[in-house]
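Letter by letter, the chains look like this.
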Amino acid sequence: MGQGLLPFVFEAVSQPMDLTAYAGLTLVSETMLALGLDQVISEHLWLRERERGYEEFDKVQAVVLVQAAGGECIEDVRVLARDAGLLRLVGRSLPSPDAMHDFLAAFHDEAQIAERPAEGAWIPEENAALQALAAVNTELVHRAVKHLPAQRATLDLDATVIESHKRDALPHYKGGRGYQPVAVLWAEQDLVLADQFRDGNVPAGMRTLEVARRAVEALPRTVRERCFRGDSACYDEALLKYLVREGIAFTISADMTPELRRACTQPLTPWELLEDRVTENVEVAEVEFTPGDWPKHAAPLRYVGLRIRPKQGHLFADPAKHLAVVSNRWDPAMADLIRWHWEKAGTIELLHDVTKNDLAAGVLPSGRFGANAAWYRLTLLTYNVLTVLRQQALPERFRQARPKRLRYEVFTVPAEIRLHARQLTARLGAPPLTVEELIAARGHLRDLRTALRAANAPADR
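Residues numbered from 1 in each chain as written. Predicted model: local features only at pLDDT ≥ 70, side-chain atom pairs only at ≥ 80, totals over all residues. Heavy atoms only, no water.

## Considerations on the overall build of the protein chain
Assigned secondary structure in the protein chain consists of 16 helices and 15 strands. Burial status across the protein chain gives 51% buried among its 461 residues. Long-range contacts, defined here as pairs at least 24 residues apart, represent 67% of the contacts in the protein chain between residues at least 6 apart. For the protein chain, the computed accessible surface area is about 22900 Å², with 51% contributed by carbon and sulfur atoms. Of the side-chain charges in the protein chain, 56 are positive and 62 negative, and the distance between the mean point of each set is 2 Å. (Helix = DSSP H or I, 4+ residues; strand = E, 2+ residues; numbered from the N terminus. Buried < 20%, exposed > 50% of the residue type's maximum accessible area, 1.4 Å probe, protein only. Contact = heavy atoms within 4.5 Å. Areas by Shrake-Rupley, 256 points an atom, 1.4 Å probe, with all protein chains shown as cover. Lys, Arg positive; Asp, Glu negative; His and termini not counted. Charge placed at Lys NZ, Arg CZ, Asp CG, Glu CD.)

This is the structure we're talking about:
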């Protein structure tokens, strides 16, 4: 009697077969090696207490491979570890889940977390291990763009809520429990520059200057034009003054204070149509406004108001909704400025969606704050590795591909492994990604490694 409806049967073999279901996943490992992350991690990250055991690069690579392959938790490393063919191609074994949990636990400082106040928001200072992991990511970014004409950088900052039922997870503003990390994305290069892991009860606007400054300082020296975009969480006097002082062009959604609302609702405000939508009209107007704490001798800020009005009238009150954007950019027309500001919905908000739904940021592995902070940072590092692979090695059609598309077409390529005359060969069938494209991608990564070595990496800061 057959096992199922289709005319075949499953059979287990006693010996591992010389096959792999993840031949294309080796491109992720080669991207990390092309960027020299094995060297970078050995220089910056050292958490082992004794010489024996897996190196830190092995553990970081395990997290990246698991997440790139679609795994959501540390235990998923077992799936890749059972693929003997993949391990032969990668050239190293994978750490056990226990070793990976110990690795993440090394980023946690219990004595520091014990200082958390009983009430109120609190952001702990990052310990040496987390700072070292941030340095690894910064070096990755520098190496990724070292050979590119990267002279402009638009930094998009935003926070996101990660739901968690861990015992120590705190309530967030949406009503659940979890964490609310902040990330900064370099929009032109699609690379994460900085992040800060936070408890769920930490307001998104708390210490935004600290994260923004860290992102600015992570930029390579080749960047000459710097821009910044943020939502109302960034509407902070200290951050605004910093951006003005540093000559960083910005747009930030302004808090609609009673004073700003009065300025936006003046009867003679010259509103202009920006968008004619199906159910509403969006209008813009220059608004004369100076925040009460803005120094009189400082450069003035530009406020552009938005009025969103439903096309159907309201019986009892003015249904118009008012918003505003503050900027130090005076050259663009109002419409161009607002549309440029709105573009961050397709950058930093997409980053949050990808990291939580395509990668594993949405499934935190531990009840320990530091371990979760490391996991989130490693997820962002995975995002950056995949960005380099997409943009600098794979065919053009994958430039905007999400990780799930890469899994479907690139990573899950089956191969038969053979060793003949000391040459290891992965024999492919007819994968969606052609053999020629796989070979070309490997060549691009080899060229990247050669170029970085010729440029005497690490990159200049």
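Anyway, onward from the coordinates.
## Considering the pairing of strand β13 (residues 321–327)
Strand residues, when the strand is regular, have side chains that alternate between the two faces of the sheet. Counting buried positions along β13 gives five out of seven residues, so the element sits mostly inside the fold. In terms of strand pairing, strand β9 (residues 249–253) meets β13 through three bridges, oriented antiparallel. The residue of β13 that forms the bridge with T251 is S327. As paired strands, strand β12 (residues 302–310) and β13 are joined by seven bridges and run antiparallel to one another. (Pairing = 2+ DSSP bridges.)

## As for the sheet that holds strand β10 (residues 272–276)
The strand order β7-β6-β2-β8-β9-β13-β12-β11-β10 describes an open sheet built from nine strands, whose pairing is mixed. Two strands close off the open sheet at either side, each with one partner strand: β7 (191–196) and β10. The sheet shows a mean angle of 20° between the axes of neighbouring strands, taken without regard to direction. Strand direction decides the pairing type here: β10 and strand β11 (residues 280–287), joined by four bridges, are antiparallel. Note on β11: the bridge partner recorded for E275 is V282. Packing of helix α8 (residues 128–145) onto the sheet brings it into contact with β6 (182–186) and β7, and relative to β7 it is tilted by some 165°. (Axes fitted to C-alpha atoms, helices over the stretch in contact; angles between N-to-C directions.)

## Some details on the nonpolar core
Across soluble globular proteins, nonpolar side chains have a tendency to be buried as a group. Within the largest apolar cluster, 126 residues are counted, with the highest numbers of intra-cluster contacts made by L25, V28, F228 and I252. No other element matches the 14 residues that helix α14 (residues 369–392) contributes to this core. The contact partners of I252, leaving out residues within four places of it in the chain, are F228, G230, D231, C234, Y235, L239, L240, L243, A324, V325, V326 and H341. Among the nonpolar cores identified, the runner-up in size contains ten residues, and L274, V282, V284 and I308 belong to it. (Core = buried A, V, L, I, M, F, W, Y, C linked by side-chain atoms within 4.5 Å.)

## Regarding the environment of A374
Position of A374 relative to the elements: it lies in helix α14. Residues A374 and D102, spaced 272 residues apart in sequence, show a C-alpha to C-alpha distance of 12 Å. With residues near it in sequence (within four places) discarded, A374 still touches L104, F107, L130 and L133.

## Topic: the pattern of salt bridges
Within the structure shown, the criterion is met by 35 salt bridges. Note that R449 is salt-bridged to D38, the shortest N-O span being 3.7 Å. With R449 in helix α16 (residues 435–454) and D38 in helix α2 (residues 37–44), this residue pair connects regions lying 411 residues apart in the sequence. Put simply, E125, E126, D195, R207, E210, R214 and R377 are held in one network by salt bridges that share partners. (Salt bridge = Lys/Arg side-chain N within 4 Å of Asp/Glu carboxyl O.)

## As for the state of the cysteines
Tallied over the entire structure, the rule returns zero disulfides. Summary of cysteine pairing: C234 is not part of a disulfide, and the nearest cysteine sulfur, belonging to C227, is at 15 Å. (Disulfide = S-S within 2.5 Å.)

## Some details on the packing of aromatic side chains
As enumerated under the stated definition, the model contains six aromatic pairs in all. On the numbers, 5.3 Å between centres and 85° between planes, the contact of F103 with F107 is edge-to-face. Given the relative accessible area of 2%, F103 is considered buried. Cluster of aromatic residues (ring-pair linked, three or more members): Y179, F197, F369 and Y376. Over the ring of W340 we find R229, and its NZ or CZ is 4.8 Å from the ring centre. Over the aromatic face of W340 sits the side chain of R329, whose NZ or CZ is 4.5 Å from the ring centroid. (Phe/Tyr/Trp six-rings, centres within 6.5 Å; stacked < 30°, edge-to-face > 60°. Lys NZ or Arg CZ within 6 Å of the ring centre and 35° of its normal.)

## Remarks on the packing of α2 against helix α3 (residues 56–69)
For the pair α2 and α3, interaxial distance at closest approach is 9 Å and the crossing angle is 120°. As far as their axial angle goes, α3 and α2 are oblique. With respect to the hand of their crossing, α2 and α3 are arranged in right-handed fashion. For the pair α2 and α3, contact is made by L37, D38 and I41 and by E56, F57 and V60, respectively. Residue classes in the contact of α2 with α3 are distributed as four nonpolar, no polar and two charged. (Parallel < 35°, antiparallel > 145°, perpendicular 65-115°, else oblique. Left-handed = near helix turned anticlockwise from the far one by under 90°. Nonpolar A, V, L, I, M, F, W, Y, C, P; charged D, E, K, R; others polar.)

## Some thoughts on a nonpolar patch on the surface
Taken together, the side chains of L6, F8 and F10 present a nonpolar region at the surface, about 370 Å² in accessible area. Locating F10 in the fold gives a position in the segment before β1 (19–20). (Patch = residues over 30% accessible without salt bridge, like charges linked within 9 Å, V, L, I, M, F, W, Y side chains within 5 Å.)

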